There are 2 protein chains.
Amino acid sequence: MSDLSAVLDRADQNLPAAIERLFDLVRIKSISTDPAFKADCRKAAEWLVEDLKTLGFDASVRDTAGHPMVVAHHAGATAYAPHVLFYGHYDVQPVDPIELWEDDPFDPKIKEISAGRKVLTGRGTADDKGQLMTFVEACRAYKEINGSLPIRVTILFEGEEESGSPSLKPFLEANADELKADYALVCDTGMWDTDTPAIAAALRGLVGEEITITAADRDLHSGLYGGAAANPIHILTTLIAGLRDETGRITLEGFYEGVEETPENIKQSWETLGRSAENFLGEIGLSVPAGEKGRSVLELTWARPTCEVNGIWGGYTGDGFKTVIAAKASAKISFRLVGTQDPQKIRDSFRAYVRSKIPADCSVEFHEHGGSPAIQLSYDSPALTKAKNALSDEWVKPAVVIGMGGSIPIVGDFQKMLGMDSLLVGFGLNDDRIHSPNEKYDLKSYHKGIRSWARIIAALAV
Amino acid sequence: MSDLSAVLDRADQNLPAAIERLFDLVRIKSISTDPAFKADCRKAAEWLVEDLKTLGFDASVRDTAGHPMVVAHHAGATAYAPHVLFYGHYDVQPVDPIELWEDDPFDPKIKEISAGRKVLTGRGTADDKGQLMTFVEACRAYKEINGSLPIRVTILFEGEEESGSPSLKPFLEANADELKADYALVCDTGMWDTDTPAIAAALRGLVGEEITITAADRDLHSGLYGGAAANPIHILTTLIAGLRDETGRITLEGFYEGVEETPENIKQSWETLGRSAENFLGEIGLSVPAGEKGRSVLELTWARPTCEVNGIWGGYTGDGFKTVIAAKASAKISFRLVGTQDPQKIRDSFRAYVRSKIPADCSVEFHEHGGSPAIQLSYDSPALTKAKNALSDEWVKPAVVIGMGGSIPIVGDFQKMLGMDSLLVGFGLNDDRIHSPNEKYDLKSYHKGIRSWARIIAALAV
């Protein structure tokens, strides 16, 4: 029996105890956004430190201005073994509306939800306690069989992911030498579907802007002034309409700088996933792809930049009618970025465009709402290829390299602050109801997640 | 001394008593929108009936489903004398916010607000009790001097003008034969300025529409769906932007049917009024005329149709940012109409345009918010010319024939239901604060208003 087979067998044998350990962690109410649970957050960090110590990690709770970090180090088989930083978060979302939960969110259970499909229920089972424990349990199986790990492992668990990670950047900055590794492993993403493992290689970035256009110095009666006075809603709607041309391309100057076409082989692998416009959009009551013409919905949501108006308001919006010309009109607008698009350049180009559309007697105010570049990992790096093969072996189905429409800020921070790419592997499913009542994590996700990490660790070692 | 000179002298002599009579009427709290003042509204109607009876009118309080009407008839010098219907309203606006009033709104006073400028204060002094009493007092002076009126006069005072006149149309319909006259005199408008009398000959009509565009069947995360799912705010802003071309013209099919150019002599008279874009827009913090290019602000607001977005909303509009793609987006849009533009055709054209811009998988709902055609009175009818000359004589300054940006629905009702044009003469001033705390009516407006009607009555008789 090879080492790996023995490790995988041990992971299987450990599963009942691994579930109990996860349940112990889930029972700790580590809701980071609510100050009432501050002590629980620390308790979760301490629980993790204690557990990692039993595996021979040099682990400690590290204070921050907010909830503490957990940092743990484990030597590899040799001093030259690859070094990974594993990231997860022990904090969880609030549980409101509590009345919609079938069970106490902090009293986890194993439930059979359909023939042969068992799930682990409770807040944080999927996001992210169950996911981070897949890695910890893989390490445990290794340690129990081999007495050591084949690679050097640093672990970083944060407790503020669900509240915007305010302490993360300062912590990375202050501890860069300690945390820097060859690459990061992040377990906070999902499978493609219940049978198909996935690695996320492209995460779109984001630029958020809020604009408020002011015309007259007061609200006007449209009978008295209509036709002569500037209406800020017209200015706003006209400039928003001008952000896109009739083919769906964004018209901002320089917007497509840094946007590369997706490699043909990747596009082809996406085509095999069977996500047609009909089924993707059909689920939300739509059928016609919006945005750039002539591209698949996966390309549009994973590999192409966008401009979306997320909110708009101005004038009278109550019941009935008021013939008012408003003094002000506002919109919240965001851009999803891909490739190497520069958030600051996009913001500057947007603001220059808006200013060019404001009449001389009107004005505009801008508010910045965040900006982060896209993450574009190499589709064929050695680590990604190894992980892909390991996942394909475990799930007996080729792993797919996918994009993600949204951003995971930590990945950008690792890249920017520690010069380190991330490998995003996770076992969540679309129906896990993260952030919602009745969160669950499939028992299969947990079990095969543990086995997947054992295989990936083995693959990365060679 | 001519008849008219004697009548004018009598009006001067009567002024102190005329003020007292107006104050008696102002003291009656005839707020039509508040059911608590239902009895006061009837009291005002009864007060007017009693007063008109003293002038020999056959006057009566006429019940409606709401507040009562006052109808009164007076014979003319001959059975063939011209017959006019004089319209005014005895109801007033609520007084909130009461704490901003310097005096009790229902305890009218004479105040000197600057050297030589006296005003009558109180709710309704200008809108419309003071204005309607100018006509009643002119009749009184005539009766006292001549024992008769030179023209046949029917009076209609309503008590629901400030609450949308729900009983007016049924009343006109039920009493058409009784109320039909050669034309109507309406005293509910204003002077051009403190020295310049004005007759309103063009009132813009209105079409109000509310649209709600629905795309997906729920709010979406812009990371997951952005770029592929339709965003109703984009659809809405694009279709709104398309309502106007770059010259400011409205692009709806057939929109300009029935829109005539204003006669050159009228445009020239408007140019003498000194209302430049700078001073008109300067008062509200603007300087650049919006809307159709190459037209004066008076033309734009009096004689040209418009399309204005009065309200717009969709998506996340609170503090901070939410990367949502909304399921719905809405706007309230109104069109001001001129000439013989047909409200129903405009509404149909608008809806057809909107439907043409809605993607196949999205939908739109329409809500109608009122529609009334424009009123365009002849700029050179005999009655208007006579009234203009009479006003010019009284104020020793040429009366101007003006447009009004807003609508006065009663004028359309008279035209449509009784086949009768209206002559709109009023003595209000821009600073009368109608509908606001500290409403007032200039003593000069009242005094010279009475004298103006005496002159107009004399002029209309010949």
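Residues numbered from 1 in each chain as written. Chains lettered and ligands numbered in written order. Predicted model: local features only at pLDDT ≥ 70, side-chain atom pairs only at ≥ 80, totals over all residues. Heavy atoms only, no water.

Quick notes on the overall build of chain A
Right, on to step 1. A tally of helices and strands in chain A yields 14 helices and 18 strands.
Right, on to step 2. Against the 2.2 N^0.38 benchmark of 23 Å for 462 residues, chain A shows a C-alpha radius of gyration of 25 Å, consistent with a compact globule.
Right, on to step 3. Dimensions along the principal axes, computed over C-alpha positions, put chain A at roughly 85 × 50 × 50 Å.
Right, on to step 4. Scored against the burial criterion, the 462 residues of chain A give a buried share of 59%.
Right, on to step 5. A separation threshold of at least 6 residues defines the contact pool for chain A, and within that pool the share at least 24 residues apart is 78%.
Right, on to step 6. Surface accessibility of chain A: about 17700 Å² in total, with carbon and sulfur atoms responsible for 50%.
Right, on to step 7. Charged side chains of chain A number 48 positive and 67 negative; the gap between the two group centres comes to 1 Å. (Helix = DSSP H or I, 4+ residues; strand = E, 2+ residues; numbered from the N terminus. Rg over C-alpha atoms; globule rule 2.2 N^0.38 Å. Buried < 20%, exposed > 50% of the residue type's maximum accessible area, 1.4 Å probe, protein only. Contact = heavy atoms within 4.5 Å. Areas by Shrake-Rupley, 256 points an atom, 1.4 Å probe, with all protein chains shown as cover. Lys, Arg positive; Asp, Glu negative; His and termini not counted. Charge placed at Lys NZ, Arg CZ, Asp CG, Glu CD.)

Brief notes about the packing of aromatic side chains
Right, on to step 1. Under the defined criterion, the tally for this structure stands at 30 aromatic pairs over all chains.
Right, on to step 2. Ring plane angle 90° and centroid distance 6.3 Å describe the contact between Phe86(A) and Phe157(A), whose orientation is recorded as edge-to-face. Residue Phe86(A) is found in strand β3 (residues 83-89), and its partner Phe157(A) is found in strand β6 (residues 152-158); the two are separated by 71 residues along the sequence. Across the pair, Phe157(A) and Phe86(A) agree in class, each one buried.
Right, on to step 3. Relative to Tyr225(B), the ring of Phe280(A) lies with its centre 4.9 Å away and its plane at 20°, an arrangement referred to as stacked. Taken together, the residues span two chains, with Phe280(A) in helix α9 (residues 277-282) and Tyr225(B) in helix α6 (residues 222-225). In terms of burial, Phe280(A) and Tyr225(B) fall into one category: buried.
Right, on to step 4. Taken together, Phe86(A), Phe135(A), Phe157(A), Trp395(A), Phe427(A) and Trp453(A) form an aromatic cluster joined through their ring pairs.
Right, on to step 5. Over the ring of Tyr256(A) we find Arg249(A); its NZ or CZ atom is 3.9 Å from the centre of that ring. (Phe/Tyr/Trp six-rings, centres within 6.5 Å; stacked < 30°, edge-to-face > 60°. Lys NZ or Arg CZ within 6 Å of the ring centre and 35° of its normal.)

Focus on empty space enclosed by the protein
Residue and element names in this part refer to chain A.
Right, on to step 1. Tallying each qualifying case throughout the model produces 1 cavity of 30 Å³ or more.
Right, on to step 2. Around the largest cavity sit Ala202, Leu203, Arg204, Trp302, Ala303, Leu337, Val338, Gly339, Ala374, Ile375 and Gln376, which together line it.
Right, on to step 3. For the lining of the largest cavity, the secondary structure elements donating two or more residues are β8 (198-203) and β15 (375-376).
Right, on to step 4. Among the domains, domain 1 (3-203 + 374-461) and domain 2 (205-259 + 305-372) are the pair contributing at least three residues each to the lining of the largest cavity. (1 Å grid on protein atoms, 1.4 Å probe; cavity = no way out; pocket = protein on both sides within 12 Å on 5 of 7 lines; lining within 4 Å. Points joined across faces, edges and corners; volume = space filled by probe spheres on them. Domains from an automatic or database assignment.)

Considering the sheet that holds strand β4 (residues 109-114) of chain B
All names here are of chain B.
Right, on to step 1. One open sheet accounts for 3 strands, arranged β4-β5-β18; its pairing is antiparallel. Lying at the two open borders of the sheet, with one neighbouring strand each, are β4 and β18 (440-442). Strand-to-strand, the axes of this sheet are offset by a mean angle of 40°, without reference to chain direction.
Right, on to step 2. Sheet topology places β4 next to strand β5 (residues 117-121); 5 bridges connect them, and they run antiparallel. (Pairing = 2+ DSSP bridges. Axes fitted to C-alpha atoms, helices over the stretch in contact; angles between N-to-C directions.)

Overview of the relation of the copies chain B and chain A
Right, on to step 1. Here chain B sits on chain A after a turn of 180° about the axis and a move of 0.2 Å along it, with an RMSD of 0.2 Å. In symmetry terms, the pair is related by a two-fold rotation axis. (Least-squares fit on C-alpha atoms with pLDDT ≥ 70 in both.)

Side note on helix α12 (residues 382-395) of chain A
Residues and elements named next belong to chain A.
Right, on to step 1. Look at α12: 20 Å from first C-alpha to last across 14 residues, which is about the 20 Å you get at 1.5 Å a residue.
Right, on to step 2. Those residues of α12 that sit buried are Ala383, Leu384, Ala387, Ala390, Leu391, Ser392, Glu394 and Trp395.
Right, on to step 3. In the segment just after α12, Val396 is the residue with positive phi, at about 50°. (Expected span 1.5 Å × (residues − 1).)

Notes on the domain arrangement of chain A
All names here are of chain A.
Right, on to step 1. Domain annotation of chain A identifies domain 1 (3-203 + 374-461) and domain 2 (205-259 + 305-372).
Right, on to step 2. Each partner contributes residues to the interface: domain 1 has 6 residues there, and domain 2 has 6 residues.
Right, on to step 3. Interface of domain 1 and domain 2: buried area, both sides summed, is about 440 Å²; carbon and sulfur atoms make up 45% of it.
Right, on to step 4. Summed over the shared surface of domain 1 and domain 2, the result is 0 salt bridges.
Right, on to step 5. In this assembly, domain 1 and domain 2 are joined by 0 residue pairs in polar contact (both at pLDDT 80 or more).
Right, on to step 6. Of the residues assigned to the side of domain 1 that touches domain 2, the class counts are 2 nonpolar, 4 polar and no charged. (Buried area = accessible area lost by both parts, 1.4 Å probe. Salt bridge = Lys/Arg side-chain N within 4 Å of Asp/Glu carboxyl O. Polar contact = N/O pair within 3.5 Å; in protein donor to acceptor, adjacent residues only side chain to side chain. Nonpolar A, V, L, I, M, F, W, Y, C, P; charged D, E, K, R; others polar.)

Topic: the pairing of strand β7 (residues 183-186) of chain B
Residues and elements named next belong to chain B.
Right, on to step 1. Of the two faces of β7, the one holding Tyr183 and Leu185 and the one holding Ala184 and Val186 are both buried throughout.
Right, on to step 2. Relative to β7, strand β3 (residues 83-89) runs parallel, the two being bridged by 4 bridges. Within β7, the residue paired with Tyr87 across the bridge is Val186.
Right, on to step 3. Here β7 pairs with strand β17 (residues 422-425) via 3 bridges, running parallel. Opposite Leu185, over in β17, you have Leu423 as the bridge partner.

A short note on the environment of Ala360(A)
Residues and elements named next belong to chain A.
Right, on to step 1. Within the secondary structure layout, Ala360 lies in the loop between α11 (343-356) and β14 (363-372).
Right, on to step 2. Ala360 sits in the exposed class, given a relative accessible area of 79%.
Right, on to step 3. Along the chain, Ala360 and Leu52 lie 308 residues apart, while their C-alpha atoms are 64 Å from each other.

Looking at the interface of chain B and chain A
Right, on to step 1. Chain B puts 72 residues into the contact, and the matching count from chain A is 72 residues.
Right, on to step 2. For the pair chain B and chain A, the summed buried area comes to about 5400 Å², and 59% of that belongs to carbon and sulfur atoms.
Right, on to step 3. On the chain B side of the interface with chain A, the three residues burying the most area are Ile284(B), Asn310(B) and Phe321(B), jointly 13% of the side's total.
Right, on to step 4. The interface formed by chain B and chain A contains 0 salt bridges.
Right, on to step 5. When residues of the side of chain B that touches chain A are assigned to their parent elements, the largest contribution, 10 residues, is made by strand β11 (residues 306-315) of chain B.
Right, on to step 6. Across 5 bridges, strand β11 (residues 306-315) of chain A lies against β11(B) in antiparallel orientation. Note that in β11(B) the partner of Gly315(A) across the bridge is Gly311(B).

Thoughts on the pattern of salt bridges
Right, on to step 1. Within the structure shown, the criterion is met by 72 salt bridges over all chains.
Right, on to step 2. Between Glu394(A) and Arg451(A) there is a salt bridge; the shortest N-O distance is 2.9 Å. In this pair, Glu394(A) is assigned in helix α12 and Arg451(A) in helix α14 (residues 443-461), connecting sequence segments 57 residues apart.
Right, on to step 3. By relative accessible area, which is 4% here, Glu394(A) ends up buried.
Right, on to step 4. Between Arg27(B) and Asp24(B) there is a salt bridge; the shortest N-O distance is 2.8 Å.
Right, on to step 5. Accessibility expressed as a relative area gives 35% for Asp24(B), which makes it partly exposed.

Re the UniProt feature "domain: Peptidase M20 dimerisation" (unreviewed entry) in chain A
Right, on to step 1. As annotated in UniProt, the feature "domain: Peptidase M20 dimerisation" (unreviewed entry) corresponds to residues 202-360 of chain A in the numbering used here.
Right, on to step 2. For residues 202-360 of chain A, the end-to-end C-alpha separation is 42 Å, with 30% helix and 23% strand making up the annotated structure. (UniProt positions renumbered as here; feature names shortened; annotations may be inferred.)

So, the packing of helix α1 (residues 3-26) of chain B against helix α2 (residues 38-54) of chain B
Residues and elements named next belong to chain B.
Right, on to step 1. It is the contact of α1 with α2, at a shortest axis distance of 10 Å, that shows an interaxial angle of 155°. Accordingly, the angle class assigned to the pair α1 and α2 is roughly antiparallel. Residue-level contacts link Arg21, Asp24 and Leu25 of α1 to Ala44, Trp47, Leu48 and Asp51 of α2.
Right, on to step 2. Classifying every residue of the contact of α1 with α2 gives 4 nonpolar, no polar and 3 charged. (Parallel < 35°, antiparallel > 145°, perpendicular 65-115°, else oblique.)

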